[in-house]
Protein chains: 2
Amino acid sequence: MMTDYRLTSLAKSLPDTVPFVGPETQERARSRLFDARLGANENVFGPSPTAVRAMAETQHWMYGDPESFELREALADHNGITPDMIVVGEGIDALLGYLVRIMVAPGDAVVTSDGAYPTFNYHVAGYGGVLHKVPYRYDDHEDAVALFKRAAKVDAKLVYLANPDNPMGTALSGAEIVEALEYLPDGTLLVLDEAYLECATQNIALPLPLDDPRVIRLRTFSKAYGLAGARVGYAMGAPGLIRAFEKVRNHFGMNRAAQAGALAALEDQTWLRSVQARIAASRNRIAEIARKNGLRTLPSHTNFVTIDCGSGPEFAKAVLNEIVARGVFIRMPFVAPQNRCIRISCGRPAQLDILTEVIPLALRAAELR
Amino acid sequence: MMTDYRLTSLAKSLPDTVPFVGPETQERARSRLFDARLGANENVFGPSPTAVRAMAETQHWMYGDPESFELREALADHNGITPDMIVVGEGIDALLGYLVRIMVAPGDAVVTSDGAYPTFNYHVAGYGGVLHKVPYRYDDHEDAVALFKRAAKVDAKLVYLANPDNPMGTALSGAEIVEALEYLPDGTLLVLDEAYLECATQNIALPLPLDDPRVIRLRTFSKAYGLAGARVGYAMGAPGLIRAFEKVRNHFGMNRAAQAGALAALEDQTWLRSVQARIAASRNRIAEIARKNGLRTLPSHTNFVTIDCGSGPEFAKAVLNEIVARGVFIRMPFVAPQNRCIRISCGRPAQLDILTEVIPLALRAAELR
């Protein structure tokens, strides 16, 4: 009886598995909290204290403003654009879902890198789109030219590019993407995921007007602004495209406190700069820990560092397991040939002290397997 | 160029208008805050102080648990069921969206009452479903038998019934719905929206097991629990149906503080009872204000009262406008013949004092129009 629900044929075809297993799930399975939570690219340095206060002072009995008006005004000012070029949503995840929903019908082609953000792929599959995957470049960077060429070949509705990239941590310069855009076909929208933009070591923002009709850019308060738990992302693009989100978005879906927190976080650029400095220091220290253990790291423009374990996927997986078994939550969200790597989010000095102890032990244990 | 986006044909067909205009939008248009915010059925008495504290103490830098495990465990205990019968989402709005998405393909039939919750209709239209609407009963109650008979006639995938009902405030007894279920065809799922259940003056919960495969029940922390701004709803049903939400939901969409706040709110049943008493007192006073002005109210099992303005829709609209112009935010979310009514959410005594002054003035002004 219970299996008789008349799901749509598309829904029937979808798995009911989760793109990511959360750290809490792993903690419940091991019946112990992690000593260091360095696997979800969360920002351990946290949000601005003024953001925390704004959230604490929120009147939770009121629905949030369905237009996120004040936040959009502030974001427009911050980015030198008008509010009609901005839509706010429940994290980039939700915005990606809305975007795929309005653009991708069953059978439509979408292009991404093989090993790029699984939640984007989850949405594309969820609306019946057909994913075409392009390998990373030889140097573990996303290959913009190859992505756009593939988009032309398969007549893609969307092409996804994260810059800086997750899970590699690498970035392309804005100029490089502009050059590659020559290959972007008419009718393909570039979905530029800039979740980690504020973590980059230099300005890599795309040097094109924010209403360039070929591009939609996604940003978030979850990374450098330290508000992952609040779920606030935004998309910027041409007004005609941004307006289309009104067709499908959950208008009253934004948490009221989250809107207030994001607004306060945006206004505290001093805090942001201090976090950026701490992220940079943490990145350097993770690289140093890796180097001391004979491992190479990839150049990182994010709040995590990808470590090349120097061998095949079995060894990297063993290293991962040995690190996790020692109480440090990290992840290995890679596909071949990048699955020779593990990914470690930036941590506070005390957490990196734990990492310093754990990594050599984990490496030794993995080598003995 | 900007109008050339290759939206899906379904998305192209959808309007980009908003189901509800928020009070903040109206406040910006009039350049003044409302003196009393009694239009969105928010709970002015607010959430439990322990919920407020739990949210304030949340570490916002961490993503929320994608399984909402602790909250689901607590809800399972509270309802005497197992967690696999519960899915937590970003308010009932989001859960309705997920449900429609997994069940309704373009052209599929869905049944609801004419004048019932517009956001449900928004989702059905948004996935290409075809809405069939049944009038309210002569006594302004939802007509369960007529709804289910219509579902049989059009082979509906879903039939929507809110109990207690919004916008009327009326309720059916659980026994009445059980009797009507005789007419529910195989293959139609009853979507029982119980957002206002905790506000009912007596127990009207459906006296059937919560895993009855014919029904999915939706509940929320936005009404009696006072957490509208947090966006926490949940659905209960047979595990096979609940599991299907995993196919499409935004797994990391739940705000971390909101999960903690809802858990704390659920645990403070003493606060809930005090709010229930205050809602009842407020309902009585609104009814009394209406009566003193010669107006009839509908029996309310919710945190709002529907007032019959005693004439046609033009008069009710005039009364609404005159009340709003005097600084009291209320709504009139009705279709004929219920659009002879206005709807007023429960308020604190000070807000009802304002209402006491405003209503006779508004009535007189509406009569003079």
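Residues numbered from 1 in each chain as written. Chains lettered and ligands numbered in written order. Predicted model: local features only at pLDDT ≥ 70, side-chain atom pairs only at ≥ 80, totals over all residues. Heavy atoms only, no water.

Per an unreviewed UniProt entry, the recorded name for chain A is histidinol-phosphate transaminase, and the organism is Roseobacter cerasinus. In its Sequence similarities (unreviewed entry) section, UniProt records this for chain A: "Belongs to the class-II pyridoxal-phosphate-dependent aminotransferase family. Histidinol-phosphate aminotransferase subfamily." (UniProt positions renumbered as here; feature names shortened; annotations may be inferred.)

Participant: Please give an account of the interface of chain B and chain A that cites residues and values.
Facilitator: With 80 residues of chain B at the contact, the number on the chain A side is 81 residues. For the pairing of chain B and chain A, the buried interface totals around 7,200 Å² over both sides, and the portion due to carbon and sulfur atoms is 57%. Here chain B and chain A share 10 salt bridges between them. The partner of arginine 256 of chain A in a salt bridge is glutamate 24 of chain B, with the nearest N and O atoms 3.0 Å apart. At the boundary of chain B with chain A, the tally comes to 57 residue pairs in polar contact (both at pLDDT 80 or more). Going through the elements one at a time, helix 1 (9-13), helix 2 (23-30), helix 3 (49-56), helix 5 (91-103), helix 6 (118-126), helix 9 (239-244) and helix 10 (256-267) of chain B are the ones with two or more residues in the side of chain B that touches chain A. Residues that form the side of chain B that touches chain A fall into these classes: 41 nonpolar, 18 polar and 21 charged. (Contact = heavy atoms within 4.5 Å. Buried area = accessible area lost by both parts, 1.4 Å probe. Salt bridge = Lys/Arg side-chain N within 4 Å of Asp/Glu carboxyl O. Polar contact = N/O pair within 3.5 Å; in protein donor to acceptor, adjacent residues only side chain to side chain. Helix = DSSP H or I, 4+ residues; strand = E, 2+ residues; numbered from the N terminus. Nonpolar A, V, L, I, M, F, W, Y, C, P; charged D, E, K, R; others polar.)

Participant: Could you give me a rundown of the relation of the copies chain B and chain A, with the residues and numbers involved?
Facilitator: Taken as rigid bodies, chain B and chain A are interconverted by a rotation of 180° and an axial shift of 0.0 Å, the fit giving an RMSD of 0.0 Å. With respect to symmetry, the two chain copies, as superposed, fit the operation of a two-fold axis. Closest approach to the rotation axis within chain B is made by the C-alpha atom of alanine 56 of chain B, at a distance of 2.3 Å. Of the interface residues in chain B, 100% have counterparts in chain A that sit at the interface too, so the contact is made through matching surfaces. (Least-squares fit on C-alpha atoms with pLDDT ≥ 70 in both.)

Participant: Break down the environment of isoleucine 204 of chain B for me, with residues and values.
Facilitator: All names here are of chain B. The topology assignment puts isoleucine 204 in the loop between strand 6 (189-193) and strand 7 (215-220). Judged by relative accessible area, which is 4%, isoleucine 204 ranks as buried. Between the C-alpha atoms of isoleucine 204 and alanine 40, which are 164 residues apart in sequence, the distance is 23 Å. If sequence neighbours within four positions are ignored, isoleucine 204 has contacts with Asn163, Pro164, Ala171, Leu172, Ser173, Gly174 and Leu197. (Buried < 20%, exposed > 50% of the residue type's maximum accessible area, 1.4 Å probe, protein only.)

Participant: Any details on the pattern of salt bridges? Residues and values, ideally.
Facilitator: Taken as a whole and assessed by the stated rule, the structure comprises 42 salt bridges over all chains. With a shortest N-O distance of 3.0 Å, arginine 369 of chain A and glutamate 322 of chain A are connected by a salt bridge. On the criterion of sequence distance, the pair formed by arginine 369 of chain A in the segment after helix 13 (349-368) and glutamate 322 of chain A in helix 12 (residues 313-325) is long-range, its members being 47 residues apart. Residue arginine 369 of chain A is classed as exposed on the basis of its relative accessible area, which comes to 59%. Under the relative-accessibility criterion, glutamate 322 of chain A is labelled buried at 13%. Ionic contacts of the salt-bridge type, sharing partners, join the residues Glu24, Arg37 and Glu42 of chain A together with Arg256 of chain B into one network.

Participant: Quick rundown of the nonpolar core? Include the residues and the values.
Facilitator: Counting 192 residues, the largest nonpolar core has Leu158, Phe221 and Ile342 of chain A together with Leu158 and Ile342 of chain B as its most contacted members. Ignoring any residue separated from it by four or fewer positions in sequence, one finds leucine 158 of chain B in contact with Leu99, Val100, Met103, Val104, Ala109, Val110, Val111, Phe120, Thr188, Leu189 and Val191 of chain B. Formed by 37 residues, the second largest nonpolar core is a distinct cluster that contains Ala74, Ala230, Met254 and Ala258 of chain B. (Core = buried A, V, L, I, M, F, W, Y, C linked by side-chain atoms within 4.5 Å.)

Participant: Kindly report on the pairing of strand 3 (residues 109-113) of chain B, identifying the contributing residues and their values.
Facilitator: Residues and elements named next belong to chain B. The element strand 3 is largely enclosed, with a buried count of 5 among its 5 residues. Burial along strand 3 is two-sided: the residues Ala109, Val111 and Ser113 and Val110 and Thr112 are all buried. In terms of strand pairing, strand 3 meets strand 4 (residues 130-134) through 5 bridges, oriented parallel. Directly across from valine 110, in strand 4, lies its bridge partner leucine 131. As a crossover connection, the stretch from strand 3 through helix 6 into strand 4 is right-handed. Alignment of strand 3 against strand 5 (residues 158-162), held across 2 bridges, turns out to be parallel. Across the sheet, residue valine 111 finds its bridge partner in strand 5, namely valine 159. (Pairing = 2+ DSSP bridges. Right-handed = clockwise from strand over helix to strand, strands pointing away.)

Participant: Any chance you could break down helix 4 (residues 69-79) of chain A for me, citing the residues and the numbers?
Facilitator: Residue and element names in this part refer to chain A. If you check which residues of helix 4 are buried, you get Leu71, Arg72, Ala74, Leu75, Ala76 and Asn79. Taken together, the buried residues of helix 4 touch strand 2 (86-89), strand 7 (215-220), strand 8 (233-236) and helix 10 (256-267). Within two residues after helix 4, glycine 80 carries a phi angle of roughly 65°, on the positive side.

Participant: For the sheet that holds strand 9 (residues 296-297) of chain B, give the residues involved together with the corresponding values.
Facilitator: The strands making up a sheet associate through hydrogen bonds between their backbones, and the pairing can be parallel or antiparallel. Residues and elements named next belong to chain B. Pairing is antiparallel across the open sheet formed by 3 strands, whose spatial order is 9-10-12. Of all strands in the sheet, those with a lone pairing partner are strand 9 and strand 12 (341-345), marking the two edges. Helix 11 (residues 269-292) rests against strand 9, strand 10 (304-308) and strand 12 of the sheet, and its axis sits at about 15° to strand 10. (Axes fitted to C-alpha atoms, helices over the stretch in contact; angles between N-to-C directions.)

Participant: Residues and numbers for the packing of aromatic side chains, please.
Facilitator: Counted according to the given criterion, the structure contains 12 aromatic pairs over all chains. Each ring, one from tyrosine 63 of chain A and one from phenylalanine 252 of chain A, has its centre 6.0 Å from the other, and the planes form 80°; the classification is edge-to-face. Of the two residues, tyrosine 63 of chain A is situated in the loop between helix 3 (49-56) and helix 4 and phenylalanine 252 of chain A in the loop between helix 9 (239-244) and helix 10; the sequence distance between them amounts to 189 residues. An identical accessibility class is assigned to tyrosine 63 of chain A and phenylalanine 252 of chain A; each is buried. Seen in terms of ring centroids, phenylalanine 221 of chain A and tyrosine 225 of chain A are 4.9 Å apart; in terms of plane orientation they differ by 45°. Their pairing is tilted. Tyrosine 225 of chain A shares its class with phenylalanine 221 of chain A; the two are buried. Pairwise contacts between aromatic rings join Phe221, Tyr225 and Tyr234 of chain A into one cluster. Lying over the aromatic face of tyrosine 127 of chain A, arginine 101 of chain B brings its terminal NZ or CZ to 3.8 Å of the ring centre. Just above the ring of tryptophan 271 of chain B sits the side chain of arginine 278 of chain B; from NZ or CZ to the centre is 5.4 Å. (Phe/Tyr/Trp six-rings, centres within 6.5 Å; stacked < 30°, edge-to-face > 60°. Lys NZ or Arg CZ within 6 Å of the ring centre and 35° of its normal.)

Participant: Quick one: what's the story with the UniProt feature "domain: Aminotransferase class I/classII large" (unreviewed entry) in chain A, residue by residue and with numbers?
Facilitator: The sites that UniProt annotates as "domain: Aminotransferase class I/classII large" (unreviewed entry) are residues 38-359 of chain A. What you have in residues 38-359 of chain A is 39% helix and 15% strand, and the ends, taken at the C-alpha atoms, are 13 Å apart.

Participant: Outline the side chain of glutamate 246 of chain A, supporting the account with residue identities and numerical values.
Facilitator: One can find glutamate 246 of chain A in the loop between helix 9 and helix 10. For glutamate 246 of chain A, a relative accessible area of 14% puts it in the buried group. Setting aside its immediate chain neighbours within four residues, glutamate 246 of chain A contacts His251 of chain A together with Asp16, Thr17, Val18 and Tyr122 of chain B.

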